[in-house]
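Here's the letter readout for the chains.
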Amino acid sequence: MTLRVRPTTKPRRRTHWQSEERSQFLITLAFIGVIVVTLLALAGAVAADYYNKHLKSVASVGGVGINVDAWVERTDLLTVRISRAERRVREAIASNEIDASAGSTQLSELATKQQSVTTDALEDLIDQLLQGRLAGEEGVSASVAQIDAAQQRESSFVERRKVQAIFVEPKPVDEETELTAADREAALATAQKALAELSGGKPFAEVATLYSTDASRDRGGEYGTLTQANITDPAWVEALFKLEPGGTTDVVRGLDGTYRIGRVTEIVAGGDDPGFLEELQKAGVSNEAYRKHLEREVVVDNLVEKVVAEALTGDKDQVRIAEIYIAQEATGGEEASLSDTGQVKVRHILYSPKDDPQGAADLPADDPAWAEAEAAAKAAADKVKGIADLAAREAEFEILAKAESDDKGSGAKGGQLDYTSRSGFVKEFSDAIFDGEHTKGEIIGPVKSDFGYHVILWQSKRGTAEERIAEMEKLLKAPGADFAALAREHSEGRTAAEGGLLGWNTKDQLQTEIADAVFALQAGQSTPKIDLEDPAGAHWYNVLERKPRPLDADQRGALLTA
């Protein structure tokens, strides 16, 4: 065997220079790494900041987001529009195109809009996305020509139109009663008669003097000069600005329920206003962004126009109905125990110390004003008690109530209070009219309460809601039952005096429960009892007429303002 010595290799020693060079390289490399990390972090922060300020979604509609940029653009656009509208209102006031009061109202409304502009801008974008999706399904879009026209209208000096007007405001027969369907039908019929006479060639001034309820009737219907920013009524103003000189609108039902007719006698054209586009540029809204907003607005306008046209065109299946309503009373607890005695109807006259019902409770019992109030109440009670004839006694009581009662609400109605359960009055008053037996026309009192001394004329009493409902069911099922007569005598609805008349209605105008019931009937038929929560109680409906008919001005106005 041969033994071999294993060769060994002696390691080379690193020079001092080589060690320092490597260390310096690693330090440099680490420093570069720190710089890179810092730059990346900074870039990330900048990107996050940019995203939050521009690209972050502030709302989403069906998976489509609305970013900050779009929101800011919309806000800036609305702000410019509001500022421009304010200037135009001030100019109109200065030139006497609108009076100072109307101008102040418009400026106040614009100031309110400015306060909510950011919220309104976001809501606009959300609505436009929702309606834009529906528009796509309906095949509705905006053409370049329509966008150009919208831009031209907005970037022009405002057009003005000189107008004649006839307004017919529905009014109740009695100023103290609530407006009814019959009142509205009467006003509509008057407006339609006025339009027919205008169509027949009768001079506008003559027709306005005969039928208009507006102050302009004294000027032959001359209403003044309007712009599209006029706040009289949006639908009426829009109709006016679609007319040629000499053109007359149809009857237009306004947001306030008034029926309006207008005729354009002169048009003062507007002109280009390059300052508007300059304002947008200064506000940071580019022309491209502005036109994008206009496109969405035009799409929505086109969609609304299509839907409304379809809804308003042609005959619609309609019913003319009347209602009987019995109000539901409390169903549990103390209120129920107080209402199970039925309801009483009375008139009253209140004599308060110092003519101040609200301050009476704080007045000491020995204050001379209490004695004065009691003496006045006794004098009134003695006066009406001394009238033997019931009708004459009620008439005198009504006169005294209007002249002397410190309860101004009921006093204006001759002291009349509606049927009310025991829980509806203060204890002293309730005890006086509910305890014991009373007869029609009986004078009770004076009765003292924290409000003063009450002189009461007792009229009638009726049963609980359950009893009244059961009685109504019986009366309606009786042979030859007259629905209108029963409504006038027993209904607690606002149209009771008109036999419960609610007028013409399409299915869409009625609550689902009512619509399903009445549209299953023909003329002359009535529904069974329908229990509703709003207003709470039992309802019966009678179909007076049913036929396909076009929407009238009242229905069109209700649809357009819904």
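Thresholds, definitions, all that
- Residues numbered from 1 in each chain as written.
- Predicted model: local features only at pLDDT ≥ 70, side-chain atom pairs only at ≥ 80, totals over all residues.
- Heavy atoms only, no water.
- Helix = DSSP H or I, 4+ residues; strand = E, 2+ residues; numbered from the N terminus.
- Buried < 20%, exposed > 50% of the residue type's maximum accessible area, 1.4 Å probe, protein only.
- Contact = heavy atoms within 4.5 Å.
- Areas by Shrake-Rupley, 256 points an atom, 1.4 Å probe, with all protein chains shown as cover.
- Pairing = 2+ DSSP bridges.
- Axes fitted to C-alpha atoms, helices over the stretch in contact; angles between N-to-C directions.
- Salt bridge = Lys/Arg side-chain N within 4 Å of Asp/Glu carboxyl O.
- Phe/Tyr/Trp six-rings, centres within 6.5 Å; stacked < 30°, edge-to-face > 60°.
- Polar contact = N/O pair within 3.5 Å; in protein donor to acceptor, adjacent residues only side chain to side chain.
- Core = buried A, V, L, I, M, F, W, Y, C linked by side-chain atoms within 4.5 Å.

Draft legend 1. Spotlight on the overall build of the protein. Counting its regular elements, the protein contains 19 helices and 14 strands. By residue count, 37% of the 562 residues in the protein fall in the buried class. Long-range contacts, defined here as pairs at least 24 residues apart, represent 67% of the contacts in the protein between residues at least 6 apart. Surface summary for the protein: the accessible area is close to 31,600 Å², and the carbon and sulfur share equals 53%.

Draft legend 2. Main features of the sheet that holds strand S5 (residues 252-253). The sheet built from 4 strands is open, its strands ordered S4-S3-S6-S5 with antiparallel pairing. In the strand order of this sheet, the two ends are held by strand S4 (222-226) and S5, each with one partner. Where S5 meets strand S6 (residues 259-268), 2 bridges bridge the pair, whose relative direction is antiparallel. Pairing of Val 252 across the sheet is with Arg 260, part of S6.

Draft legend 3. View of the sheet that holds strand S11 (residues 452-462). Read across the sheet, 4 strands follow the order S9-S8-S11-S10 without closing on themselves; strand pairing throughout is antiparallel. Each edge of the sheet is formed by a strand with only one pairing partner; in this case those strands are strand S9 (420-421) and strand S10 (443-449). Sheet analysis places strand S8 (residues 343-351) next to S9, joined by 2 bridges and oriented antiparallel. Note on S9: the bridge partner recorded for Val 344 is Thr 420. Packing of helix H12 (residues 368-385) onto the sheet brings it into contact with S8, S10 and S11, and relative to S10 it is tilted by some 170°. Where helix H15 (residues 427-434) meets the sheet, its contacts fall on S8, S9, S10 and S11, and the angle it forms with S10 comes to roughly 160°.

Draft legend 4. Region of interest: the pattern of salt bridges. Using the criterion set out here, one finds 27 salt bridges in the structure. Note that Glu 297 is salt-bridged to Arg 81, the shortest N-O span being 2.8 Å. Placement of the pair is Glu 297 in helix H10 (residues 287-312) and Arg 81 in helix H2 (residues 68-94), with a sequence separation of 216 residues. In this structure, a network of salt bridges that share partners links the residues Arg 74, Arg 81, Asp 124, Glu 154 and Glu 297.

Draft legend 5. Quick peek at the packing of aromatic side chains. All chains considered together, the criterion is met by 6 aromatic pairs. Considering the side-chain rings of Tyr 223 and Trp 236, the 5.6 Å spacing of their centres and the 90° angle between planes classify their relative orientation as edge-to-face. Remark: Trp 236 occurs in helix H8 (residues 234-240) and Tyr 223 occurs in strand S4; sequence separation between them is 13 residues. Judged by relative accessible area, which is 0%, Trp 236 ranks as buried. The interplanar angle of 80° and the centroid separation of 6.0 Å between the aromatic rings of Trp 370 and Tyr 453 together place this pair among those described as edge-to-face. Taken together, the positions of Trp 370 in helix H12 and Tyr 453 in strand S11 put the pair 83 residues apart, joining distant regions of the chain.

Draft legend 6. Structural view of the side chain of Arg 161. Here Arg 161 is to be found in strand S3 (residues 160-168). Judged by relative accessible area, Arg 161 falls into the buried class, the value being 6%. A polar side-chain atom of Arg 161 sits 2.5 Å from the main-chain carbonyl oxygen of Leu 243.

Draft legend 7. Up close: the side chain of Arg 81. The class of Arg 81 is buried, set by a relative accessible area of 18%. A polar atom in the side chain of Arg 81 sits 2.8 Å from the side chain of Glu 297. Every residue in contact with Arg 81, bar those within four places of it in the chain, is listed here: Arg 74, Glu 154, Phe 276, Tyr 290, Leu 294 and Glu 297.

Draft legend 8. Representation of the nonpolar core within the structure. With 18 residues, the main nonpolar core has Ile 349, Tyr 351, Phe 397, Ile 443 and Val 455 as its most contacted residues. Those elements that place two or more of their residues in this core are S8, H12, helix H13 (390-404) and S11. Here this core gets 7 residues from one element, more than from any other, and that element is H12. Aside from chain neighbours lying at most four places away, what touches Tyr 351 is Ala 373, Ala 376, Ala 377, Ala 380, Glu 404, Asp 406, Gly 452, Tyr 453 and Val 455.

Draft legend 9. A look at unusual backbone geometry. For the peptide bond that leads from Gly 445 to Pro 446, omega is 10°, which places it in the cis range. For the peptide bond that leads from Asp 534 to Pro 535, omega is -5°, which places it in the cis range. Mapped onto the secondary structure, Pro 535 falls in the loop between strand S13 (530-533) and strand S14 (536-549). Phi at Lys 354 takes a positive value of approximately 60°, unusual for a residue other than glycine. Within the secondary structure, Lys 354 is located in the loop between S8 and H12. Note on Lys 354: relative accessible area 59%, which makes it exposed.

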